[in-house]
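# Results of the structural survey
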Amino acid sequence: MGVEAHATNERVTGRRWTVRLDPVGRGRADVRVSCSRPACAAQVLPTAAAGRTAAIAHLKAHLRAGPAPRPSVHCACRAEECHTHIRPAGPRERPAPWRCGGAVVLAVVTDREGRWWQVMECCSRCAAAHPNAKVVATAPAAEAPARSDGFRTAAAGPAAPATPGGPTATTPTFSAAGPHFSHSATATGTAVPQQASAPRSDSRSAPRSARPTRRRPPRGRIAQRLVPHDLRPVALRDELTELGELFRAYQARTEPDLAMLADLHARKAEAFHAWAEATADTGLRLDAQRAEQAAATARLQHLHRIGQAPDGEGPAVARLLTAPAQWNHARAVLAHVAENAPLPGAEARLLVVMVTLRTAQSGIGNLVGQDIKGLPLQDPQHLVGQLVESGWLGLSGTVDELIASRPENPTRITVPSLTPDEDDPGPFTFGRKLRPKLSGWAQRVVGEKKLRKGKTEADVRLLALALATGADGEGRLGPGGEGIGLDGLSSWCSVDPADLPDLVDRLTAADWLAEADVTDTLLTGRLTERVLPLGCPLT
């Protein structure tokens, strides 16, 4: 017994290593592929696609050449006390750390963006707790005494013969497909012992360890809940199990499908209501109500995205920016400019907005003279020169060259405060494809036909931008149509609050606003039908 206890205490922690895909430098397309194993040298590839292919090939080579998972090691997650697996507490339960258990497996965990791949030698329960994990090999079952942490390894049994032409139970296999897990031995690759046929008298006299083991059917999992194997009716149990698999498959998708997500949430709500009726569980009933709300939200977002009206209420507004995420990013850019504008005044604020949207992704962009001269600025050369002198803006040439530049020969500009580096990724989180959409949206608002023909000044156009992002889906100003505070509007437009009524009158004359009313603290009203496509509704 003493020897066995000593051997248990001397068990080593499972292996863990990471393959990463990182940019080589700012403004460069090439990427670096690195591996945390000491013998692996970094590679530099010309594109992200080539780097991702090389990273996966490097990982496959490790999996093919490396040893199979060892049944006697400690779970790699156990060394970190399973902090990533702590289940959040419900209304009447305390949080409990994840408990390791099951066979030792070799799992590959990756992020959804495909920037890193981590291989872990861990228990099957911890592998299943990682939403983006893929089990590539399972350790063979081995007899072992009780462990010091209260668990026992899988029972010993002879390995089943390998299928001709197929991989063995411990042969690592890797696929770029989404994660799939199972707690049963056959699903994870462990061979089930096959018993030879024998007379009844011999089978009765055989020792217990040699008899076939009766196994319960695998249990499904949905929304961090395990589906009881004895749940009745059986159709409800099967529906919950299938829904859990469908939700995990949806999370592995590279592109969202809001219509599919809405249907899944609707099915979940119906199934959870039936589950709550069968078990009298209040928590399940609350989860069902939340699923109904999620289904309604996803369906509304889908209708907004495809330009249809909810519940057949007529044609929806065909908005320039179509998704709630795009509307929130537009508001984030305006809020950033309001807090970090380098110069006072409405004209400087308007120019900073347009330049920020040109350089928001990398801090680098292109401008031509028409971009500057198309704005309502009294002295554009002087204003651009002030931004350069303040250090906020950098030019590849002179101010006069920028004003004279044409589309075939644009001027390179930089905004150092927006340039990301290793310590600061920058103030914005949207991608490269969204940046030109946001810039085009702002140009459409600022250069709207009636605002341009009315020769409105910069402060009026700044107010138009603020109201376009401050109305609901029906065009009513403020959350719930309750209005927008004058202090926030005057600060954003860089004008005195007393000047706001005149700006509102000019927007009303330009058919931007209707039913506008300015009180001591609020501006109420609504955007006209004509400019609703330019709006970013409050959600």
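Description of the structure in this document. No experiment lies behind these values; they were computed from the predicted model shown. (Residues numbered from 1 in each chain as written. Predicted model: local features only at pLDDT ≥ 70, side-chain atom pairs only at ≥ 80, totals over all residues. Heavy atoms only, no water.)

Two elements in contact, helix 6 (residues 234–251) and helix 7 (residues 258–279), have axes separated by 10 Å at closest approach and are oriented at 150 degrees. Judged by the inter-axis angle, helix 6 sits roughly antiparallel to helix 7. Between helix 6 and helix 7 the crossing geometry is left-handed. Residues Leu236, Glu239, Leu240, Glu242, Leu243, Leu246, Phe247 and Tyr250 of helix 6 form the contact with helix 7, whose participating residues are Leu258, Met260, Leu261, Leu264, His265, Arg267, Lys268, Ala271, Phe272, Ala274 and Trp275. Looking at the contact of helix 6 with helix 7, its residues break down into 14 nonpolar, 1 polar and 4 charged. (Axes fitted to C-alpha atoms, helices over the stretch in contact; angles between N-to-C directions. Helix = DSSP H or I, 4+ residues; strand = E, 2+ residues; numbered from the N terminus. Parallel < 35°, antiparallel > 145°, perpendicular 65-115°, else oblique. Left-handed = near helix turned anticlockwise from the far one by under 90°. Contact = heavy atoms within 4.5 Å. Nonpolar A, V, L, I, M, F, W, Y, C, P; charged D, E, K, R; others polar.)

For strand 4 (residues 104–110), the buried fraction is high: 6 of the 7 residues fall into the buried class. Here strand 4 runs beside strand 5 (residues 116–123); their pairing, made up of 7 bridges, is antiparallel. When the sheet's bridge partners are listed, Val109 is paired in strand 5 with Gln118. Count of turn residues in the strand 4/strand 5 antiparallel hairpin: 5 residues, of which Gly114 carries a positive phi of about 70 degrees. Relative to strand 6 (residues 133–138), strand 4 runs antiparallel, the two sharing 5 bridges. Across the sheet, Ala107 pairs through a bridge with Val135, a residue of strand 6. (Buried < 20%, exposed > 50% of the residue type's maximum accessible area, 1.4 Å probe, protein only. Pairing = 2+ DSSP bridges.)

By way of backbone hydrogen bonds, the strands of a sheet pair with one another, either parallel or antiparallel. Strand order in this open sheet of 3 strands is 9-11-10, and the pairing throughout is antiparallel. Looking at the sheet topology across the chains shown, the edges are occupied by strand 9 (364–367) and strand 10 (394–395). In this structure, strand 9 lies alongside strand 11 (residues 411–414), joined through 4 bridges in antiparallel fashion. Residue pairing for strand 11: Gly365 is matched across the bridge by Ile413. Lying over the sheet, helix 10 (residues 346–359) contacts strand 9 and strand 11, oriented at roughly 120 degrees with respect to strand 9.

Attention now moves to the nonpolar core. By size, the foremost hydrophobic cluster in this structure holds 71 residues, and its most contacted members are Trp441, Leu467, Trp492, Leu507, Trp512 and Leu527. Apart from residues no more than four positions distant in its own chain, Trp492 is found in contact with Leu334, Val337, Ala338, Arg349, Val353, Leu462, Leu465 and Ala466. Grouped together as the second largest cluster of nonpolar side chains are 19 residues, Tyr250, Leu261, Ala262 and Phe272 included. (Core = buried A, V, L, I, M, F, W, Y, C linked by side-chain atoms within 4.5 Å.)

Interaxial distance between helix 16 (residues 458–468) and helix 18 (residues 500–509) falls to 10 Å at its minimum, and their mutual angle equals 75 degrees. As judged from the angle between their axes, helix 16 and helix 18 are roughly perpendicular. Of the residues in helix 18, those touching helix 16 at Asp459, Val460, Leu463, Ala464 and Leu467 are Leu503, Val504, Arg506 and Leu507.

Right, let's talk about the side chain of Arg349 for a bit. By the element assignment, Arg349 lies in helix 10. Buried within the structure, Arg349 lacks any salt-bridge partner; its nearest side chain of opposite charge belongs to Glu339, at an N-O separation of 11 Å. In this structure, Arg349 is in contact with Val337, Ala338, Ala341, Leu462, Ser491, Trp492 and Ser494, ignoring residues within four places of it in sequence. (Lys, Arg positive; Asp, Glu negative; His and termini not counted. Salt bridge = Lys/Arg side-chain N within 4 Å of Asp/Glu carboxyl O.)

Spatial strand order, 12-14-13: 3 strands in an open sheet with antiparallel pairing. The two strands at the open ends of the sheet, each matched to only one other strand, are strand 12 (484–485) and strand 13 (513–518). Across 2 bridges, strand 12 lies against strand 14 (residues 522–527) in antiparallel orientation. Looking at strand 14, one finds that Ile484 is bridged to Leu523. Set on the sheet, helix 18 makes contact with strand 13 and strand 14; between it and strand 13 the angle comes to about 165 degrees.

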